Amino acid sequence: MDRVYNFSAGPSMLPLEVLEKAQKELLNYNGCGSSVLEMSHRSKPFEAIVNNAEATLRRIMHIPDEYAVLFLQGGASLQFSMVPMNLTAQGATTAYAVTGQFAKKAWEEGARWGNAVAVTNGKIDNFAAIPAVTPELIPQDAAYLHITGNNTVYGTAYNTLPDTGSVPLVADWSSAILGKVIDVKKHALIYAGAQKNMGPAGLTVVILRKELLERTLDPIVPTMLQYAIHADKGSMYNTPPCFSIYMAGLVFEWVEKNGGVEAMEQRNAARAAALYKALESCDHFRPLAAKKDRSIMNVTFTLDTPEMTAEFLAMAQGRGLTSLKGYRTVGGCRASLYNGMPDEGVAALIDCICAFEIGKRT
Ligand SMILES: *Cc1c(COP(=O)(O)O)cnc(C)c1O
């Protein structure tokens, strides 16, 4: 089988150039006699890999010096717990905008530790839109407001950041980081699992204001879950996910070489707009997300019936367009158009949609 266009929400496609570079370097990295897979994380070559990865990420995201960058494990899901444990005392008030599957999980984990208040809950309209958040909705003694910047499952996103008043903003940007410009300075903390848009699974990136590292933590917080420990040790308190960091570093360089996050956003916005336009011009397809809240990374849509959806998915599969099935609780289809998806893949998907539609009309 040839390489397919994989529209999975994650793990997802990586730029071919990045895979080829990793392949070339796999057996003997940079003439140092061993693979990155085999190398000590305390070795000079690996130290350079981590330092370069961080420096490149800082450049492409314009991360100010007052922010620390951590390379952790445990996925975005572990951040659901680490955020409250590191930013608040047990029982303290925190605020959550519940706009989807992962937002709800973050809120539920937050509620294990403190008084996690759901300031909005998009459940009423099946998470098809992002309810407005205003400072009046947020308890002003909340340690933070947590948002999910891009809702991977429902295909919605914050196309502008909410006004939180004086409450610090914490955001899970797993499925849009590096796919659109994120103003780091407006956040106290950002986190993202790498496997959507940064590299292979196994790495989680956390970007946080350094002043947050100075809090005295509840002694119950395990050492491995303390941001300050990881920051102090340069993300090397224990063995980090070495190969994932190396791969993410290659992706960061690829983003920079291709015009940076600004260029990625332009390209992603244009591709998503073309796909939404095709869906809207068809009688048998319908986008699911409210227009103003549409994500440019995950495009959710459905057809007239589940049978017709299955028929379309089979046709797409036959054309090498894979993993288009929507999340199990949502149904329909979902096309994840991350940075690693070539333009040709999006064009092939639009062709397939048009061909299916014409087939139904005649
Ligand atoms: C995928 C995803 C997660 C879960 O990530 P893991 O790395 O699997 O823990 C959390 N939040 C969002 C927005 C996601 O897209």
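Rules and cut-offs
- Residues numbered from 1 in each chain as written.
- Predicted model: local features only at pLDDT ≥ 70, side-chain atom pairs only at ≥ 80, totals over all residues.
- Heavy atoms only, no water.
- Helix = DSSP H or I, 4+ residues; strand = E, 2+ residues; numbered from the N terminus.
- Core = buried A, V, L, I, M, F, W, Y, C linked by side-chain atoms within 4.5 Å.
- Buried < 20%, exposed > 50% of the residue type's maximum accessible area, 1.4 Å probe, protein only.
- Domains from an automatic or database assignment.
- Contact = heavy atoms within 4.5 Å.
- Patch = residues over 30% accessible without salt bridge, like charges linked within 9 Å, V, L, I, M, F, W, Y side chains within 5 Å.
- Areas by Shrake-Rupley, 256 points an atom, 1.4 Å probe, with all protein chains shown as cover.
- Salt bridge = Lys/Arg side-chain N within 4 Å of Asp/Glu carboxyl O.
- Buried area = accessible area lost by both parts, 1.4 Å probe.
- Pairing = 2+ DSSP bridges.
- Axes fitted to C-alpha atoms, helices over the stretch in contact; angles between N-to-C directions.
- Near = heavy atom within 4 Å.
- Polar contact = N/O pair within 3.5 Å; in protein donor to acceptor, adjacent residues only side chain to side chain.
- Nonpolar A, V, L, I, M, F, W, Y, C, P; charged D, E, K, R; others polar.

Undergrad: Explain unusual backbone geometry to me, and be specific about the residues and the numbers.
TA: Here the amide bond leading from Gly10 into Pro11 is cis, since omega sits at -10°, within 30 degrees of zero. Tracing the sequence through the fold places Pro11 in the loop between strand E1 (5-6) and helix H1 (16-25). In this structure, Ser323 is a non-glycine residue whose phi angle is positive, near 55°. Position of Ser323 among the secondary structure elements: in the loop between strand E13 (321-322) and strand E14 (333-336).

Undergrad: How would you explain the nonpolar core if you had to name every residue and give the values?
TA: The biggest cluster of nonpolar side chains holds 88 residues, and the ones touching the most others in it are Leu57, Leu178 and Phe312. Looking at this core element by element, the count peaks at 10 residues for helix H6 (residues 242-257). Mapping this core onto the domain boundaries places at least three of its residues in each of domain 1 (16-257) and domain 2 (261-361). Filtering out sequence-adjacent residues up to four positions away, Leu57 remains in contact with His62, Ile63, Val69, Phe71, Leu178, Val205 and Phe252. Leu87, Tyr96, Val206 and Leu208 belong to the second largest nonpolar core, which has 29 residues in total.

Undergrad: Lay out a nonpolar patch on the surface with the relevant residues and their values.
TA: There is a patch of nonpolar side chains on the surface, built from Leu26, Leu27 and Leu37 and spanning about 320 Å² of accessible area. Structurally, the position occupied by Leu37 is in the loop between H1 and helix H2 (44-61). Note on Leu37: relative accessible area 56%, which makes it exposed.

Undergrad: Quick rundown of the domain arrangement of the chain? Include the residues and the values.
TA: When the domains of the chain are assigned, the result is domain 1 (16-257) and domain 2 (261-361). Centre-to-centre separation of domain 1 and domain 2, based on C-alpha positions: 27 Å. Counting residues at the interface gives 24 residues for domain 1, matched by 24 residues for domain 2. Both sides together, the interface formed by domain 1 and domain 2 hides about 2,100 Å², and carbon and sulfur atoms give 51% of it. Inspection of the domain 1/domain 2 interface yields zero salt bridges.

Undergrad: Could you give an account of the pairing of strand E9 (residues 189-193), with specific residues and numbers?
TA: With five of five residues buried, E9 is to be regarded as a mostly interior element. Where burial is concerned, the two faces of E9 agree: the one with Leu189, Tyr191 and Gly193 and the one with Ile190 and Ala192 are both buried. Both strand E8 (residues 169-172) and E9 contribute to a ladder of three bridges, which runs parallel. The residue bridging Ala171 from the neighbouring strand is Ile190, located in E9. In terms of strand pairing, E9 meets strand E10 (residues 204-209) through five bridges, oriented antiparallel. Looking at E10, one finds that Leu189 is bridged to Leu208.

Undergrad: Tell me about the pattern of salt bridges, and name the residues and values.
TA: Taken as a whole, this structure holds 16 salt bridges when the rule is applied. Note that Lys186 and Asp183 form a salt bridge whose closest N and O atoms lie 3.5 Å from each other. The exposed category is assigned to Lys186, whose relative accessible area is 53%. Here Asp183 falls in the partly exposed class, since its relative accessible area comes to 29%. The network of salt bridges with common partners includes Asp183, Lys185 and Lys186.

Undergrad: Account for the sheet that holds E8, with residues named and values stated.
TA: In spatial order, the strands read E2-E10-E9-E8-E5-E3-E4; together these seven strands make up an open sheet with mixed pairing. The sheet is open, and its two edges are formed by strand E2 (67-72) and strand E4 (115-121), each paired on a single side. If you compare each strand with its neighbour and ignore which way they point, the axes differ by 20° on average. Helix-sheet contacts for helix H3 (residues 75-87) involve E2, strand E3 (93-98), E8, E9 and E10, and the interaxial angle to E9 is about 160°. Strand contacts of helix H4 (residues 101-113): E3, E4, strand E5 (145-148), E8 and E9, with the helix running at about 165° to E3, the strand carrying the most contacts.

Undergrad: Can you explain the site of the ligand? Please cite residues and give values.
TA: Taken together, the neighbourhood of the ligand is formed by 13 residues, with Ser77, Thr152, Asp172, Gln195 and Lys196 sitting nearest. For the ligand, an oxygen atom lies 2.5 Å from a polar atom in the side chain of Lys196. Taking 390 Å² as the accessible area of the ligand by itself, protein coverage stands at 86%. A per-element tally of the shell around the ligand places H3 first, with four residues. Broken down by class, the residue content of the shell around the ligand amounts to three nonpolar, eight polar and two charged.

Undergrad: How would you sum up the side chain of Asp293? Please name residues and give values.
TA: Considering the arrangement of structural elements, one finds Asp293 in the loop between strand E11 (285-287) and strand E12 (298-303). What makes Asp293 buried here is its relative accessible area of 7%. Among the polar contacts listed, one links the side chain of Asp293 to the backbone nitrogen of Ile130, at a separation of 2.8 Å. Once residues lying within four places of it in the same chain are set aside, the contact partners of Asp293 are Ala129, Ile130, Gly155, Thr156, Ala157 and Asn159.

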